[in-house]
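Understanding the architecture of this molecule
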Amino acid sequence: MARMKFLCDADRCIECNACVTACKNEHEVPWGINRRRVVTINDGLPGERSVSMACMHCTDAPCAAVCPVDCFYTTDDAVVLHSKDTCIGCGYCFYACPFGAPQYPKVGNFGTRGKMDKCTYCAGGPEADMTEAEYVKYGSNRLAEGKLPLCAEMCSTKSLLAGDGDIIAEIYKERVVTRGYGSGAWGWRTAYGDTVTV
Amino acid sequence: MNMKTLVQRFVAVLGILAVLGIVGISVTPAAQAQQINPTAQSVTEESLFEALQDDQMVEGRVSIPDGLSSGLIKPGNPSWASTHTGLVRNLSIAAVVGAIVVLTLFYMIRGKIMVDGKMSGIRILRFTAIERFAHWLMAGSFIILALTGLNLVVGRTMILPWLGEGAFSTITIWGKIAHNYVGWAFMLGLTLSFLVWVAHNIPNKVDAEWVAQGGGLLKKGVHPPARKFNAGQKVIFWLTTLGGAALSFTGFMLLFPIVAGTQADWQFYQLIHGIVAAGLSFVIIAHIYIGSIGMEGAFDAMGTGEVDLNWAKEHHSLWVEEVQGKAKSGDSSARGTQPAE
Amino acid sequence: MLVKRRSKDATRSGLAAFAQNVTAKPIDRRSFLRTSGLAVGGLAAFGAVGATTVRRAEAGMVDFSQPVEVKTNICTHCSVGCTVKAEVQNGVWVGQEPAWDSPINRGTHCAKGASVRELVHGDRRLKYPMKKENGEWVRISWDQAIDEIGDKMLDIREKNGADSAYLLGSAKFSNEGAYLFRKFAAFWGTNNVDHQARICHSTTVAGVANTWGYGAMTNSYNDIRNSKTIIFMGSNAAEAHPVSLQHILAGKETNRANVIVIDPRFTRTAAHATDYIRMRPGTDIAIIWGIMWHIFENNWQDQEYIDQRVWGMDQIREAVKAYPPEVVERISGISGPELRRVAETFATQGPATFIWCMGGTQHTVGTANVRTYCNLLLATGNVGSNGSGANIFRGHCNVQGATDFGLDIGSLPCYYGLAEGGWRHWSRVWDVSYDYLQSRFDEVPAKGGRDARDRKANMEMAGIPSTRWFDAATLDAEDVDQRDNIKAMIVFGHGGNTVPRMGDSLKGMNALDLLVVADPHPTTFAALHDRPDNTYLLPISTQFECAGSRTASNRSVQWGEKVVDPIFESDNDYAVIYRLSQKLGFADEMFKPYEMVQGKFSMEPTPESILREINRGGWSTGYTGQSPERIKAHMANQDKFDLVTLRAPADAEDVGGDYYGLPWPCWGTPEFKHPGTHILYNPNLPVKDGGGAFRPRFGVDREGETLLAEGSFPVGSEITDGYPQFTYGILQTLGWDADLTADELATIQRIGNNDPEAMANVSWSLDLSGGIQRVAIEHGCVPFGNGKARAVAWNLPDPIPVHREPIYSPRPDLVAEYPTREDGRQFRVPNIGYSIQASAVERNLSVSFPIVLTSGRLVEYEGGGEETRSNPWLAELQQDMFVEINPADASARGITDGGWVWVNGPENDSKARVKALVTERVAPGVAFMPFHFAGWFQGEDQRGNYPAGTDPIVLGESVNTVTSYGYDPVTGMHEGKVTLCQISAA
């Protein structure tokens, strides 16, 4: 079984936001929900780097640990998914997530956030694969179609990599060796407890 | 996660600015050099992590208005998660289980505290309707809040396996709604209780004596003097008031995250909320014990509002004197203390 | 294998289902459609209140039980030419998939490309024809719209003349649409026809074509993978051409290439540079001459290349002596050592390419800037080989094609001039008489001290640039060199907020008798003004709703299939142009060569038949080999083309040996099977394999020196030296005329009227048979000749460019030394830049307006931005118009990041209310604003001016409200990159 991961090669990321709109397009994500976003560090200064970030599908995901109703589950591909039927919208997963991945329909006061929504690694949810019921709640299920997440597939500079962790780490390593620099596998330490060393 | 780091959360924003400042400074000297090579000067995750202090985050700029989304990586968040699933969950379990164990032992050793003399049959009014309303508003809401709150912390391990995911989710959703609304009742009850009782709960010399005698709880026949509230009750009053206030404040902040500030603040409030709730649950369980099965005649005070004169003389001798003294001197302002003579 | 283990069961019952009903609305199709409908009702509804977790299944869900049709089209935003794969079910575009096989984008997109599916779901699209009646928008039918517009146009033609109708076309047209629109202008009888190239790369086209022959990118995005040194000057490709960065960054990594960014802003492109150099806006000429000063000083130039292929470099060598390091530093702020480093790197670490965009072109000295860039490339021998070249990244998806097909005030399709020869060529292709075309033009009476013009002279005189139409509408009629002022604007697919002086443009709009906006969205042209009547909106479909070809920046021609039918009541360009021509009375003449089919509301020509006509006439540019069949075969065989060379292997079926998209020039007839030209002017290949040479367009000698190449020629050439363009006469001289077939000869005879002298003058570009081209190429020769590039363009103002301060200069001390050019008249209107510059200095404007204001693109938006700001997936990412301001300037003014500010412009008390973005991206004393916003004007929200439901989600002030006067004398390009402003907290 593959261990699916994301890796954003920030030395390739140009903050073009294709990943963001590809995600919106693929899943018809409503206004205000940002399953993926691009954050620019040191904006406007030499050394500026942009990183595309979404749910990293952590090993031992902290969101899953704190969920009071245990609505998260991990697939055989190591994708962290959740059930919107079970979710109570408490917001604990957002507190726990190091990447700001969980999103809520409303920036709600008074516990009115609504059901949590986040990156599914284009793998849908608990409903039967590729059904309308699944689509309406979680968006499409590309993994079930044998495709990878659209954000990475459409990345303008092939900065955002998705796929088996070992394979994408290998691609990244090769790039760093070829070009002689690399700002790191952003988020890997935090999500997977290790990083890609070259 | 220790308290020191928790306090740091309050200044987390300043800290982040400081980190960015450091990063900025580290760039500036290079910027003044001949060649600006943005590739060579690129920030790396490693360097940012090294500069990162406890509970700070790697942060940048985003164009969307959602300010929260500018945080890229907050490596400290999983430690909040482990505190939540560790310390808070364990404390909550310890508070409830511990209280029950301690009280059971206490009951087995001391038994029910009976009125030493016989019941006089004379009832005197101890708590007015307003006082009882305040108490029961607070007590009732607290129980709901405690149960629904506890469910969020331990329900997943203790209840979910019994109910199954769907039903458990449903009761938890209802529990969440109840928790969010009943909290207001609790705050009202807490405020009323404070107003009507605070004057009686100022510590004084009598309390020292009461404490010295262990409140008479440990030995039969010992009844240190007390006014309307003995030192033990005062402790409960203040614990409830302060704990309740802490719960109210943190709860309010959790209900209004936009008012509360950043994610670090929410985590802090959530943590305080959980720990205080666990502690207060312990206190309240003890209070419930002593106000019900633990002591003969105690429940009446909050039940009907009237207590037996002898019970009152044993446990609140000074208060009885005060009340009766005032009544004899015809002080009509000593309300609700008409002995049933 | 991808298997999802389900430990979660989605089904729920009893208590759980009950709670579900209470806590979350049951999600049935009807209710979520209703909710999503609500969510597009207004901006407020997009915010916290109206958002839901449910999505629109009917619009974005693939039903896997039904067959999926995959359509191939091209992204309609920038010029990179990314292939779009559309999944269509029941006529609805339900999914967008990566187009892995395209050698250009290899599956990828930027934010805009990844969201194009929304365009054909567009809730904010213009839904039906509308007109303004007493200040209110009312819905009308297409018939009524065409009738009323046509009547008014004919009325204006009668009263004011054909030139009084301005036909503003679009870089969003397909090639066929652009060509048809140019032909429409010819049949209507005016040269007042233009499009976005005027405001993006008109100066590039003029500068480059005057240097070496053609106005286009010499290499390709893919070819930059070969470069060792890359200079970006005035180009922020990371935001403007994101997918190009795929090739550039890959090249940077594998070649360890030097990426040098010279820009006033530390752009997102600069963030990936190896060398960033900050410059003062508007000082390009001084900087390039400064670089060349170092090159000549150190003998780093490629002398052999210069000797063989360049004319006039000695004069340049002399001229740059006036730009030693200290002078250049004084002008530009760049130190000598920095420029020396750039010079050495560029000259010695080749192949080197130079990339520029609107930072270079949008200036009063735009054409001169371009010519200095060309000179730098020529001096270092970096044109006409792999990894080198002038890589001009163009702006819109078909700005190259629209330029090629003459949506231009100064040329006919494929750069045939307005002189009689050009008109006669196209009248032959169009099968109408030259006299008929001439009769369509106005006679211009003598006025303003100028002589009268007859129809022929008027037919051969360039029209008014799109940057000046409003001056031509509001100036005194005496000052406008045509029969009358502009009275009607017919705007197809062009924003109204993309040229400076919007306050004056507003006056121009109000002065018109007729304003027609034909566009998928009501643009600023529909919303800025307060015209009560005579304003029409025609809903035009996007290129995803019709078929046609488009030419990417690298000259590759790609075919787009119709993905879905035009939505709402919109219709495509072909049909609307046809109906207007019908109403105006020349449809029969104009459309007779085409195959007509029933369209949505009327008959319309097929794009294939239009392209075939282009193939029959586009000899000068090599637009003759790209038949619809060949282009479609390329789209179907994208996987055959190499990523770097763009060439298919010789044995590939249908496309063997071709370069992807048959980049022009693709010589001869389609049957000749020329592979196209990946790299222009490249002598390292035989012409039949895409080789070439510089084009001798300006005679064969000058000042006693030859203008033909010396000792340089394409591989396999039978003439091993320079030679002029091929004519029938030259073929005869060489004895190659015998190679012509009888048919080819017959065509040449027909064109030359069987007159031997006229026949001898029939050239490679007029020969409708393609025989002359075929024969020349078979002998290894370039049809247009083998000449030298011109370092000095003697026919232009400033034959050798000199630094000239912007009209509104922050350095009045330099204006005296480097003033702008004298006032004059260009393109039928006066250009009084010199007077304005002098007045600005006199009034000390650099003191009251101390900040230099420049402008540029954001990745999320395109052009005037109406379309992209109407797309919620994009609009969410940039919700406020802003100005970038340096922290020093901000703190001196009490301005905080995110706070509202007023930006005041130097003319007409103009002002704009925007948000401040405090950043070191801009230097102290420099501010930057993106140019995609509109819908606010000087603090006033004009949302109510749009027809209900068509207002873009995001509105904001236009930068061009505060930009100012200034025009390039060669093309009328505006000064969009340098003006002065003051900024204060609002």
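Only a predicted model underlies this, so the values are computations on that prediction, with no experimental measurement involved.

**Some words on the overall build of chain B**
For chain B, the count of helices and strands is 14 helices and four strands. Evaluated residue by residue, chain B yields a buried proportion of 37% over its 341 residues. Within chain B, contacts between residues at least 6 apart in sequence are counted, and of these 72% link residues at least 24 apart.

**Overview of unusual backbone geometry**
Here the residue pair Gly350 of chain C and Pro351 of chain C is connected by a cis peptide bond, since its omega of -5 degrees sits within 30 degrees of zero. Within the secondary structure, Pro351 of chain C is located in the loop between helix H15 (336-348) and strand S12 (352-356). Here the bond from Trp664 of chain C into Pro665 of chain C is cis, since omega is 0 degrees, no more than 30 degrees from zero. With phi around 55 degrees, Asp70 of chain A is a residue other than glycine that occupies positive phi space. Along the polypeptide, Asp70 of chain A turns up in the loop between helix H2 (62-66) and strand S4 (72-74). The phi dihedral of Asn844 of chain C is positive, around 60 degrees, even though this residue is not glycine. Within the secondary structure layout, Asn844 of chain C lies in the loop between helix H34 (833-842) and helix H35 (845-848).

**Regarding the packing of helix H11 (residues 284-297) of chain C against helix H14 (residues 325-332) of chain C**
Residues and elements named next belong to chain C. Two elements in contact, H11 and H14, have axes separated by 9 Å at closest approach and are oriented at 155 degrees. When the axes of H11 and H14 are compared, the pair comes out roughly antiparallel. Judged by the twist between their axes, the crossing of H11 over H14 is left-handed. Facing Ala286, Ile287 and Gly290 of H11, the residues of H14 in contact are Pro325, Val328, Ile331 and Ser332.

**Examining the environment of Asn37 of chain B**
All names here are of chain B. Looking at the element boundaries, Asn37 is found in the loop between helix H2 (12-32) and helix H3 (45-51). The class of Asn37 is partly exposed, set by 18 C-beta atoms lying within 10 Å. Sequence spacing of Asn37 and Trp184 is 147 residues, and the spatial spacing of their C-alpha atoms is 58 Å.

**Notes on the pairing of strand S29 (residues 911-918) of chain C**
All names here are of chain C. For S29, a buried count of six out of eight residues is recorded, marking the element as mostly surrounded by other parts of the structure. Relative to S29, strand S27 (residues 882-885) runs parallel, the two being bridged by four bridges. Looking across to S29, one finds that Val883 is bridged to Ala916. Hairpin connection, strand S28 (residues 900-904) to S29: the antiparallel pair is bridged by six residues, and Asn908 has positive phi, about 55 degrees.

**Regarding helix H6 (residues 165-179) of chain A**
Between its first and last C-alpha, H6 of chain A extends 21 Å over 15 residues, near the 21 Å set by a 1.5 Å rise per residue. Within H6 of chain A, the full set of buried residues consists of Gly165, Ile168, Ala169, Tyr172, Arg175 and Val176 of chain A. One side of H6 of chain A holds all its buried residues, which, seen down the axis, span an arc of 120 degrees. Summarising the geometry of H6 of chain A, the exposed residues directed more than 90 degrees from the buried face are Asp166, Glu170, Glu174, Val177 and Thr178 of chain A. Looking at the buried residues of H6 of chain A, the elements they touch are strand S1 (4-8) and strand S6 (160-164) of chain A together with helix H10 (244-255) of chain C. Taken from the residues just after H6 of chain A, Gly180 of chain A is the one with a positive phi, measuring 90 degrees.

**Quick word on the confidence of the model for chain B**
The predicted coordinates ought not to be read in detail in places where the model reports low pLDDT. All names here are of chain B. Here chain B shows a mean pLDDT of 81. Residues at 70 or above account for 86%. Confidence drops under pLDDT 50 across residues 330-341; counting only partners more than four residues distant or on other chains, this segment forms 19 contacts. Here the predicted complex scores 0.90 on pTM and 0.96 on ipTM.

About the thresholds
Position numbers for residues count from 1 along each chain, tracking the sequence in the order it is written. In the order they appear in the text, chains get letters beginning with A and ligands get numbers beginning with 1. Only residues with pLDDT of at least 70 get local features here, since the model is predicted, and only at 80 or more are side-chain atom pairs given and counted; chain-wide, interface and lining totals rely on the full set of residues. Helix numbering and strand numbering both begin at the N terminus, where a helix is a DSSP run of H or I of at least 4 residues and a strand a DSSP run of E of at least 2. Any residue with 12 or fewer other C-beta atoms within 10 Å of its own C-beta is exposed, any with 20 or more is buried, and the rest are partly exposed; the C-beta atoms used are placed from the backbone. We call two residues in contact whenever the C-beta atoms placed from their backbones are within 7 Å. Note on definitions: angles span 0 to 180 degrees between N-to-C directions of axes, and those axes are lines fitted to C-alpha atoms, for helices only across the stretch in contact. For classification, angles of less than 35 degrees are called roughly parallel, those exceeding 145 degrees roughly antiparallel, those between 65 and 115 degrees roughly perpendicular, and all remaining angles oblique. Should the near helix be turned anticlockwise from the far one by less than a right angle, the crossing is left-handed, and should it be turned clockwise, the crossing is right-handed. By this definition, two strands are paired if DSSP reports at least two bridges between them. By this rule, a helix spans an expected 1.5 Å times one less than how many residues it contains. This arc is built from the directions going out from the helix axis to the C-beta atoms. Each residue carries a pLDDT value, the predictor's own confidence for that position, ranging from 0 to 100.

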